[in-house]
Amino acid sequence: MRRAARAIRAIGAAAPPAPLATAPRSWTWVAQRASSSSSSSSSSPAPELQLPSEEELLAIGRLLSRPSEAEKRPPTMMPLLTVDAMLPGQRLRFNSADTRLQKFAAENGEVGVLGGSPLGRPLSCGVVAQLTLSSGVATGSSVAELEWVLRGLRHMKLAGPSALGKEGIVMGQVELVDDVVTEADVAEARRLPPLVAEWRGLVEGSRFERFEGQVQGILEDLGPMPPPESAGRLALWVAALINPLPAMGVAYEIRPAALEAPSVAERLKVVFDGIEASIGHVMGGNRFSEAWLQMRTA
């Protein structure tokens, strides 16, 4: 891990973000009808209005909650660290004697963190993470190594070529991943909370925890579970729960696949395969699907 923490690599560009969704057509029709009824004569009977359905209201809420093109943060140039694939909310502790880390922490504290695929290929997606000094010189170290903590903040992707900066620091343009959530994604994501409850019932407080209270500590780091309406964030949250840092040994490494999934639907598939396989492993059964086995070697 110390060697990985010092490695900084240049990674290629990521694909452009998907276009914004549009408001449901029926919502526009209802708004126009409501406007025309308000301007009609008071002596005329008010026409009956057709209210949007629940699905349409959810679509409107997702549309209004997404930033416009003008509000989106432009790509940001920041230092890139190749350590390990990590997800928002996760913490990664490591020791390093690299003095450049102190400069990162002093200037802004935010760095781009990238990992690799199971076959060692570099990823184009990762997290913006907060870098902080945990303590002084690492215990038992023969050199002046310091203890550091990376905390994943936001899902990001590379938005342009990287370049070698001063002192050999690799800098790269990164932009936040803007999830496009469909009604089908929301419907699928609603199946995740019961699986999470089943997984926790099997793992939390059991022999599968590496130390007492491990699952509870992970949950405290991750914060509240996102709702199904935020299907993309919910998928990352579940992936971070069952495949934590350090690993618990009850699930395969799904963090790289969850980060790199090209759509929310694909990310949900990765997470469903992961949590179902983990439940099967803990129960002593076999829930591994062919798609899951292929994902392991991707």
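Here the structure is a predicted model, which means the values were calculated and not measured.

A.B. asks: Explain the overall build of the protein here, please?
C.D. replies: The number of helices and strands found in the protein is 11 helices and 7 strands. When each of the 298 residues of the protein is scored for burial, the buried share is 39%. Counted over contacts in the protein with a minimum sequence separation of 6, partners at least 24 positions apart contribute 69%. Surface summary for the protein: the accessible area is close to 15400 Å², and the carbon and sulfur share equals 54%.

A.B. asks: Help me out: how do you make sense of the pairing of strand S3 (residues 110-114) in this one?
C.D. replies: Each regular strand shows side chains that alternate between the opposite faces of the sheet. Judged by how many residues are buried, S3 sits mostly within the fold: 5 of 5 residues are covered. Here S3 shows two buried faces, one formed by Glu110, Gly112 and Leu114 and the other by Val111 and Val113. The pairing of strand S1 (residues 76-82) with S3 spans 3 bridges and is classified as parallel. Each residue of the ladder has a partner; that of Leu80, found in S3, is Gly112.

A.B. asks: Help me understand the nonpolar core in this model?
C.D. replies: Soluble globular proteins tend to bury their nonpolar side chains together. The biggest cluster of nonpolar side chains holds 57 residues, and the ones touching the most others in it are Leu150, Trp199, Val238, Leu241, Leu268 and Ile275. If you tally residues by element for this core, the top one is helix H8 (residues 231-242), at 10 residues. What Val238 contacts, discounting residues up to four positions off in sequence, is Leu192, Val196, Val271 and Ile275. Core analysis: the next-biggest nonpolar cluster, separate from the first, contains 8 residues, Leu80, Val128, Leu158 and Val170 among them.

A.B. asks: Whenever I open this one, helix H7 (residues 214-222) confuses me. Can you help?
C.D. replies: An α-helical turn contains 3.6 residues, so a residue and the one three or four places further along point in the same direction. Of the positions making up H7, those classed as buried are Gln214, Val215, Ile218, Leu219 and Leu222. Around the axis of H7, the buried residues are gathered within 140 degrees of arc, so they sit on the same side. On its buried face, H7 is in contact with helix H6 (192-203) and H8. Within two residues after H7, Gly223 carries a phi angle of roughly 80 degrees, on the positive side.

A.B. asks: Any chance you could explain the environment of Ser278 here in plain terms?
C.D. replies: Structurally, Ser278 is set in helix H10 (residues 264-283). Relative accessible area serves as the criterion here: at 1%, Ser278 is assigned to the buried category. C-alpha of Ser278 to C-alpha of Gly249: the two residues are 29 residues apart in sequence and 9.3 Å apart in space. The residues touching Ser278, leaving out its near neighbours within four places in the chain, are Trp199, Val250 and Ala251. A distance of 2.7 Å separates the side chain of Ser278 from the backbone oxygen of Val250, its partner in a polar contact.

A.B. asks: Hey, could you run me through the confidence of the model for the protein in this one?
C.D. replies: The predicted coordinates of low-pLDDT regions are not to be read in fine detail. For the protein, the average pLDDT comes to 78, and 68% of its residues sit at 70 or higher. Counted against residues more than four places away or in other chains, residues 1-42, with its pLDDT under 50, gives 69 contacts.

A.B. asks: Just checking my understanding: could you explain the packing of H7 against H8 for this structure?
C.D. replies: How two helices pack is summed up by the angle between their axes together with the distance between the axes. Interhelical geometry of H7 versus H8 gives an angle of 150 degrees and a closest axis separation of 10 Å. In this view, H7 runs roughly antiparallel relative to H8, as classed from their interaxial angle. Where H7 crosses over H8, the handedness of that crossing is right-handed. Residues Val215, Ile218, Leu219 and Leu222 of H7 lie in contact with H8, whose contacting residues are Trp237, Ala240 and Leu241. When grouped by side-chain class, the residues that make up the contact of H7 with H8 number 7 nonpolar, no polar and no charged.

A.B. asks: Can you walk me through the side chain of Arg100 in this structure?
C.D. replies: On the secondary structure map, Arg100 appears in helix H4 (residues 100-107). What makes Arg100 buried here is its relative accessible area of 16%. In this structure the side chain of Arg100 is engaged in a polar contact, spanning 2.8 Å, whose partner is the side chain of Asp98.

A.B. asks: For this particular structure, what's the right way to read the packing of aromatic side chains?
C.D. replies: Any pair of aromatic rings gets described here by the distance separating the centres and the angle formed by the planes. All told, the structure shown has 0 aromatic pairs when counted by the stated rule. Seen from the ring of Phe272, Arg191 lies directly overhead, with NZ or CZ sitting 4.2 Å from the centre.

A.B. asks: What exactly am I supposed to notice about the packing of H6 against H10 here?
C.D. replies: The interhelical angle for the contact between H6 and H10, taken along N-to-C directions, is 30 degrees, at an axis separation of 10 Å. Classed by the angle they form, the pair H6 and H10 counts as roughly parallel. Here H6 runs over H10; the crossing is left-handed. Here H6 contributes Leu192, Leu195, Val196, Glu198, Trp199, Leu202 and Val203 to the contact with H10, which in turn contributes Leu268, Val271, Phe272, Ile275, Glu276, Ser278, Ile279, Val282 and Met283. Residue classes in the contact of H6 with H10 are distributed as 13 nonpolar, 1 polar and 2 charged.

Reading the values: rules and limits
Residues numbered from 1 in each chain as written. Predicted model: local features only at pLDDT ≥ 70, side-chain atom pairs only at ≥ 80, totals over all residues. Heavy atoms only, no water. Helix = DSSP H or I, 4+ residues; strand = E, 2+ residues; numbered from the N terminus. Buried < 20%, exposed > 50% of the residue type's maximum accessible area, 1.4 Å probe, protein only. Contact = heavy atoms within 4.5 Å. Areas by Shrake-Rupley, 256 points an atom, 1.4 Å probe, with all protein chains shown as cover. Pairing = 2+ DSSP bridges. Core = buried A, V, L, I, M, F, W, Y, C linked by side-chain atoms within 4.5 Å. Arc of directions from axis to C-beta. Polar contact = N/O pair within 3.5 Å; in protein donor to acceptor, adjacent residues only side chain to side chain. pLDDT = per-residue confidence, 0-100. Axes fitted to C-alpha atoms, helices over the stretch in contact; angles between N-to-C directions. Parallel < 35°, antiparallel > 145°, perpendicular 65-115°, else oblique. Left-handed = near helix turned anticlockwise from the far one by under 90°. Nonpolar A, V, L, I, M, F, W, Y, C, P; charged D, E, K, R; others polar. Phe/Tyr/Trp six-rings, centres within 6.5 Å; stacked < 30°, edge-to-face > 60°. Lys NZ or Arg CZ within 6 Å of the ring centre and 35° of its normal.

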